[in-house]
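Chains, contacts and geometry: an overview
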There are 2 protein chains.
Amino acid sequence: MRKQGSPSLQREPSGEAFGRKPITARELARMLGVSQSAVSRAFTPGASIAADLRERILKYAAEVDYQPNAIASMLSKSRTNIIGIVVSDMQNPFYPGLIEKLSRSLQRIGLQSLLFNITKGSNLEEQLSALRRYNVDAVIVISATILSGSTLSWATEGRPAILINRVIEDTNLSCVACNNVEGARAIADHFHRQGARRVAYVAGLSHTTTNRERQSGFVTRIAELGMTLSAQIEGREYSYYAGRKAALEIAAGKNTDAIFFANDILAIGGIDALREEAGCRVPDDILVAGFDDIPMAGWPHYNLTTFRQPVDEIVRVVVEMIEGDTSALLRAATTIRLSGELIERRSTGAEPDAE
Amino acid sequence: MRKQGSPSLQREPSGEAFGRKPITARELARMLGVSQSAVSRAFTPGASIAADLRERILKYAAEVDYQPNAIASMLSKSRTNIIGIVVSDMQNPFYPGLIEKLSRSLQRIGLQSLLFNITKGSNLEEQLSALRRYNVDAVIVISATILSGSTLSWATEGRPAILINRVIEDTNLSCVACNNVEGARAIADHFHRQGARRVAYVAGLSHTTTNRERQSGFVTRIAELGMTLSAQIEGREYSYYAGRKAALEIAAGKNTDAIFFANDILAIGGIDALREEAGCRVPDDILVAGFDDIPMAGWPHYNLTTFRQPVDEIVRVVVEMIEGDTSALLRAATTIRLSGELIERRSTGAEPDAE
DNA sequence: TTGAAAGCGTTACCAA
DNA sequence: TTGGTAACGCTTTCAA
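Residues numbered from 1 in each chain as written. Chains lettered and ligands numbered in written order. Predicted model: local features only at pLDDT ≥ 70, side-chain atom pairs only at ≥ 80, totals over all residues. Heavy atoms only, no water.

So, on to the sheet that holds strand β9 (residues 287-292) of chain A. Residues and elements named next belong to chain A. Strand order in this open sheet of 6 strands is β7-β6-β8-β9-β10-β12, and the pairing throughout is mixed. Whereas interior strands pair on both sides, the edge strands pair on one side only; in this sheet they are β7 (228-233) and β12 (341-343). Strand-to-strand twist across the sheet, computed as the mean angle between neighbouring axes with direction ignored, equals 20 degrees. Relative to strand β8 (residues 258-261), strand β6 (residues 198-202) is paired through 4 bridges, and the arrangement is parallel. Each residue of the ladder has a partner; that of Ala-200, found in β8, is Ile-259. Packing of helix α8 (residues 180-193) onto the sheet brings it into contact with β6, β8, β9, β10 (305-308) and β12, and relative to β9 it is tilted by some 165 degrees. (Pairing = 2+ DSSP bridges. Helix = DSSP H or I, 4+ residues; strand = E, 2+ residues; numbered from the N terminus. Axes fitted to C-alpha atoms, helices over the stretch in contact; angles between N-to-C directions. Contact = heavy atoms within 4.5 Å.)

Next comes the structure, spelled out in structure tokens:
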């Protein structure tokens, strides 16, 4: 191989102003007159090594700024301590918060997050091949859309995978999701309590599980309550502008008391459009509710009633699943539903508690 | 080592239902009756190997689903193809978009993004030690705050590092930043054109370079134009609520024609507070401008005049720096300033063009 | 162009 | 508890 050099000479013979090559365990061992195995043991928590030897090694290591090379460790252990996080849109404000919490929780237990930002346009398999080559220990999929179950199985290739807020039946993929049906029913109940009788639903991406569950949960419950479904806008995207457009269509019908939007960003667009283009007052003329409880929903301007996703719980459960026996995840894929919480705010005429 | 097994036996002797262990280059070579080196060469773009041999290997590899193990390659090449991305707050909506574009551009040239989400609370060195152990090829720092130059130098340890929107003097760190001074001056000029004479500035985090540059650029320019600085709110955070609070303080003074907020999220909070709490009309009573041009700024409800950061350019330049000779980055740290664009919208009384 | 073999820096097995 | 040493799966040098 190229870089050999005499033991005491660290620098490249060439003039590369590259930072010094980091010291290795073998060098450290030689300097201390111990075996290289000892060095490895000193850095391995449960290893059988005398306390004083370990201390001596760690102390000296700190002095010469030695740190075990994680790459070599990965190769040797066949474990990377890297979790692949597959994301497809970070524009929906719900996701950045989730990703942030997730990566921090993982970091806290020594796991790093490798981000895979997939786009619908290009070749998915190509984008995901890195997921396999990098030998990530597990995969967390946050993208509500795009990936088919089979593509995902291919990409994870026998690695534990956990989907967040997306349920795929008939596969060996685990899921952690908010109880969307419960949430949607809670919104329906709340609308009913607030006196609405003619209600509308605005879908997000119609084929996503989040949307389907929220939609059917809502529609079912309003029927049970004897309310009328005055409108149902189908199959747009989860975006502010889609929310505006849907709201205007509904307002034009003049036969709706309350609108449930599939998520907050839609609802926020809806509120703006209702107030500024349709000339409706929210909540006086029409009630509006969303889903997620993104930070914006709490802003005084929107004051949006919504169903809060249990983000912290979701993160906790996902991290626990990964931290625990990961091979158990492979043996039996589990789907976990977590309860959220109805947050009543002014957009449905509720008097918000002090928050 | 433990997992040995006879050549044709792939599974663990124990009952682990773990997915089959992936095939290695050596096995592939043996199956094809070629050398393992040949397999390696087949997957190495410029390698000297006969075209037909390569083709035969690649074809067979595809059949048996072989992919080179990236970890082994890292160890052997001392190159990981991983870029560390250091982030500290993903709540400011400007960042998710940037991170998304960045990671996609990197992916396109075969580089993966390892996310380091640092929190101010806990021990920074501990959080960043992984950055060193994982041998990332380069580091991109998106956090406007938190890290001192020296901590950063320690963490990157001789690796190329690029700061986005943060300029650190006197170090060997490269920077790519928006021309904040130019932007702030453009806002001042625009205010002047719109007839404002008494203007206020609302700072973000006062010690950040983005804030300092925007502030001094603005203050200097309004002086040149003979305008009055009617108020200057110092040292809050970059948040919606900080914007609200600052706006109310300024409105209470009743002596301000226009407010320049250090970024859009502040400005958006400001607009809401002015309209809904202070009873001011924007832009009729007071003009408001921000900085960044986040998606929300374009929403009809806000219609915020702002200075658009050249995000695509920033990403392009950063990726080029990394793609190019990275050791050059180490020899001479460069600071690159990119021009943005004034986006005139209704919050300063401008009639927006069709966008 | 090809193959053999020496690393890369760890971990884990085996004796001592 | 320790040290020696064989993997881990590649890349790259060196000869052929």
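Next comes the rest of the description.
Around DNA strand C, the structure places 31 residues, and the nearest of them are A:Ser40, A:Ser76, B:Arg41, B:Ser48 and B:Ala50. Between DNA strand C and A:Tyr66 there is a distance of 3.1 Å, counted from a phosphate oxygen to a side-chain nitrogen or oxygen. For the surface near DNA strand C, the secondary-structure elements that each account for two or more residues are α1 (25-32), α2 (36-42) and α4 (70-77) of chain A together with α2 (36-42) and α4 (70-77) of chain B. Classifying every residue of the surface near DNA strand C gives 12 nonpolar, 13 polar and 6 charged. (Near = heavy atom within 4 Å. Polar contact = N/O pair within 3.5 Å; in protein donor to acceptor, adjacent residues only side chain to side chain. Nonpolar A, V, L, I, M, F, W, Y, C, P; charged D, E, K, R; others polar.)

Our focus in this paragraph is unusual backbone geometry. Residues and elements named next belong to chain A. In this structure, Pro-283 follows Val-282 across a cis peptide bond, with omega equal to 10 degrees. Here the phi dihedral of Asp-65 falls at roughly 65 degrees; this positive angle occurs in a residue that is not glycine. Mapped onto the elements, Asp-65 comes out in the loop between α3 (51-64) and α4. By relative accessible area, which is 37% here, Asp-65 ends up partly exposed. (Buried < 20%, exposed > 50% of the residue type's maximum accessible area, 1.4 Å probe, protein only.)

Right, let's talk about the packing of helix α10 (residues 240-253) of chain B against helix α11 (residues 264-276) of chain B for a bit. Residues and elements named next belong to chain B. Close contact between α10 and α11 brings their axes to 7 Å; oriented N to C, the two are set at 50 degrees. It follows from the interaxial angle that α10 and α11 lie oblique. Two packed elements cross with a definite hand, and for α10 against α11 that hand is right-handed. Residue-level inspection shows Tyr-240, Ala-242, Gly-243, Arg-244, Ala-247, Leu-248 and Ala-251 of α10 in contact with α11, the latter providing Ile-265, Leu-266, Ile-268, Gly-269, Gly-270, Asp-272, Ala-273, Leu-274 and Glu-276. Class assignment of the residues belonging to the contact of α10 with α11 gives a composition of 10 nonpolar, 3 polar and 3 charged. (Parallel < 35°, antiparallel > 145°, perpendicular 65-115°, else oblique. Left-handed = near helix turned anticlockwise from the far one by under 90°.)

Attention now moves to the pattern of salt bridges. Enumeration according to the criterion identifies 38 salt bridges over all chains in this entry. The closest approach of N and O atoms between B:Glu213 and B:Arg337, which form a salt bridge, is 2.6 Å. Note that B:Glu213 is positioned in helix α9 (residues 209-224) and B:Arg337 in strand β11 (residues 335-338), a separation of 124 residues in sequence. Judged by relative accessible area, B:Glu213 falls into the buried class, the value being 13%. We classify B:Arg337 as partly exposed; its relative accessible area is 35%. Through salt bridges with shared partners, a single ionic network connects A:Arg185, A:Asp189, A:Arg221 and A:Glu224. (Salt bridge = Lys/Arg side-chain N within 4 Å of Asp/Glu carboxyl O.)

Facing the 66 residues of chain A at the interface are 65 residues of chain B. For the pair chain A and chain B, the summed buried area comes to about 5,600 Å², and 55% of that belongs to carbon and sulfur atoms. Our count for the chain A to chain B interface comes out at 2 salt bridges. Our count for the chain A to chain B interface comes out at 31 residue pairs in polar contact (both at pLDDT 80 or more). Ranked by the residues each element gives to the side of chain A that touches chain B, the list is headed by helix α5 (residues 94-108) of chain A, at 7 residues. A breakdown of the residues in the side of chain A that touches chain B according to their chemical character gives 29 nonpolar, 23 polar and 14 charged. Where strand β2 (residues 112-117) of chain A meets strand β2 (residues 112-117) of chain B, 3 bridges bridge the pair, whose relative direction is antiparallel. Looking at β2(B), one finds that A:Ser113 is bridged to B:Leu115. (Buried area = accessible area lost by both parts, 1.4 Å probe.)

Our focus in this paragraph is the protein's contact with DNA strand D. Taken together, 28 residues lie around DNA strand D, and A:Arg41, A:Ala50, B:Gln36, B:Ser40 and B:Ser76 are the ones closest in. Near the protein, within 4 Å, the atoms of DNA strand D are sugar or phosphate in 59% of cases. Contact between DNA strand D and B:Ala25: a phosphate oxygen at 3.0 Å from a main-chain N or O atom of the residue. In this structure, B:Gln36 approaches DNA strand D through a side-chain N or O atom, which is 3.3 Å from a base oxygen. Secondary-structure elements contributing two or more residues to the surface near DNA strand D are α2 and α4 of chain A together with α2 and α4 of chain B. Among the residues making up the surface near DNA strand D, the classes are represented as 12 nonpolar, 12 polar and 4 charged.

This part covers the relation of the copies chain A and chain B. In screw terms, the move from chain A to chain B is a rotation of 180 degrees and a rise of 0.0 Å along the axis, fitting with an RMSD of 0.1 Å. A rotation of that kind, with that shift, is consistent with a two-fold axis. The position closest to the rotation axis in chain A is occupied by the C-alpha of A:Leu114, lying 2.2 Å away. Here 98% of the interface residues in chain A have copies in chain B that are interface residues too; the copies meet face to matching face. (Least-squares fit on C-alpha atoms with pLDDT ≥ 70 in both.)

Residues and elements named next belong to chain A. Each assigned domain of chain A is listed with its residue range as follows: domain 1 (14-68), domain 2 (82-179 + 311-338) and domain 3 (180-308 + 341-348). Each of domain 2 and domain 3 has a C-alpha centre, and these two points are 28 Å apart. The interface is formed by 12 residues belonging to domain 2 together with 17 residues belonging to domain 3. In this assembly, domain 2 packs against domain 3 so that about 1,100 Å² is buried in total across both faces, 52% of it on carbon and sulfur atoms. (Domains from an automatic or database assignment.)

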